[in-house]
Amino acid sequence: MPFDAVLPLVLGISVVSLGVAFVLARQVLAADTGTPEMREISDAIRVGAEAFLSRQYRTIAALSLVAAAAIFAFYFFNRDVPNIEQMGVGTFWKVTISFIIGALCSAVAGLIGMFVAVRANVRCATAAMTSLNKALQIALRGGAVSGLAVVSMSLLGVGGLFWFFGGMQD
């Protein structure tokens, strides 16, 4: 298969995988949320998880910007070193932008995974009260959403950067 056909295939599979994750998430979120007492505990867990994730992402965003600036500065201030000099200034920007895009893709995958995981818990517990098979299906589908999101966002990020930066032409 020619190289020009591989990248669109990879990007297409990534988009399809996100679609599958969306379908699985809808199936999980459509399940019964249980008794009012179960929902009260589930809501408390969800609020706590969302507060944690919000704080974590604010901290990571600040550290990512510092790290991106450090990456660019390292290359910029060492541009006279023979191996780095051969890369050219454009590469400094590409490395920095790639780091930022990777961090954003990771954040999106984390948000998707956490969103579904905290909502799948009560649904899985509710299903376990009547059917272990249904509980296992909800648990596996909830986990599959996270796995598909991580892999899809990784491939989309790397493939998108590869395409945006001209692939193997540089």
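Use the structure listed above.
Criteria and cut-off values
- Residues numbered from 1 in each chain as written.
- Predicted model: local features only at pLDDT ≥ 70, side-chain atom pairs only at ≥ 80, totals over all residues.
- Heavy atoms only, no water.
- Helix = DSSP H or I, 4+ residues; strand = E, 2+ residues; numbered from the N terminus.
- Buried < 20%, exposed > 50% of the residue type's maximum accessible area, 1.4 Å probe, protein only.
- Contact = heavy atoms within 4.5 Å.
- Areas by Shrake-Rupley, 256 points an atom, 1.4 Å probe, with all protein chains shown as cover.
- Lys, Arg positive; Asp, Glu negative; His and termini not counted.
- Charge placed at Lys NZ, Arg CZ, Asp CG, Glu CD.
- Patch = residues over 30% accessible without salt bridge, like charges linked within 9 Å, V, L, I, M, F, W, Y side chains within 5 Å.
- Salt bridge = Lys/Arg side-chain N within 4 Å of Asp/Glu carboxyl O.
- Core = buried A, V, L, I, M, F, W, Y, C linked by side-chain atoms within 4.5 Å.
- Phe/Tyr/Trp six-rings, centres within 6.5 Å; stacked < 30°, edge-to-face > 60°.
- 1 Å grid on protein atoms, 1.4 Å probe; cavity = no way out; pocket = protein on both sides within 12 Å on 5 of 7 lines; lining within 4 Å.
- Points joined across faces, edges and corners; volume = space filled by probe spheres on them.

A. Inspection of the overall build of the protein at higher detail. Looking only at helices and strands, the protein has 5 helices and 0 strands in total. Starting at the N terminus, the α and β elements of the protein follow one another as α-α-α-α-α. Each principal axis of the C-alpha distribution contributes one length, and for the protein these read about 65 × 40 × 15 Å. Expressed as a percentage of the 170 residues in the protein, the buried residues total 25%. The long-range share in the protein, meaning contacts at least 24 apart out of those at least 6 apart in sequence, stands at 80%. In the form shown here, the protein has an accessible surface area of approximately 10,600 Å², with 72% of it arising from carbon and sulfur atoms. In the protein, the 11 positive side-chain charges and the 9 negative ones have mean positions that sit 7 Å from each other.

B. Molecular detail of a nonpolar patch on the surface. A contiguous nonpolar patch, built from Val150, Val151 and Leu155 and spanning about 230 Å² of accessible area, is present on the exposed surface. Mapping Val150 onto the fold places it in helix 5 (residues 132-164). On the accessibility criterion, Val150 (43% relative accessible area) is partly exposed.

C. Looking closely at the nonpolar core. By size, the foremost hydrophobic cluster in this structure holds 11 residues: Ala21, Leu24, Ala25, Val28, Ala31, Val116, Ala120, Ala127, Ala135, Ile138 and Val145. Those elements that provide at least two residues to this core are helix 1 (3-29), helix 4 (89-128) and helix 5.

D. Highlighting the pattern of salt bridges. Counted under the stated rule, the structure contains 3 salt bridges. A salt bridge links Arg46 to Asp43, with the nearest nitrogen and oxygen atoms 4.0 Å apart. Taken together, the residues Arg46 and Asp43, both in helix 2 (residues 36-77) and 3 residues apart, mark about one turn of the helix. On the basis of relative accessible area, Arg46 is assigned to the partly exposed category, the value being 23%. Look at Asp43 and you get partly exposed, because its relative accessible area is 36%.

E. Just the packing of aromatic side chains, in detail. Under the criterion given, the structure shown has 7 aromatic pairs. Look at Phe72 and Phe92: their rings are 6.3 Å apart centre to centre, the planes differ by 75°, and that puts the pair in the edge-to-face class. Remark: Phe92 occurs in helix 4 and Phe72 occurs in helix 2; sequence separation between them is 20 residues. Given the relative accessible area of 18%, Phe72 is considered buried. Ring geometry for Phe74 against Tyr75: centres 5.4 Å apart, planes inclined by 75°, an arrangement best described as edge-to-face.

F. Geometry of the layout of surface pockets. Considering only enclosed or pocket space, the largest pocket measures out at about 200 Å³ in volume. Lining the largest pocket are Tyr57, Ile60, Ala61, Ser64, Leu65, Ile100, Ala103, Leu104, Ser106 and Ala107. Taken together, the elements giving at least two residues each to the lining of the largest pocket come down to helix 2 and helix 4.

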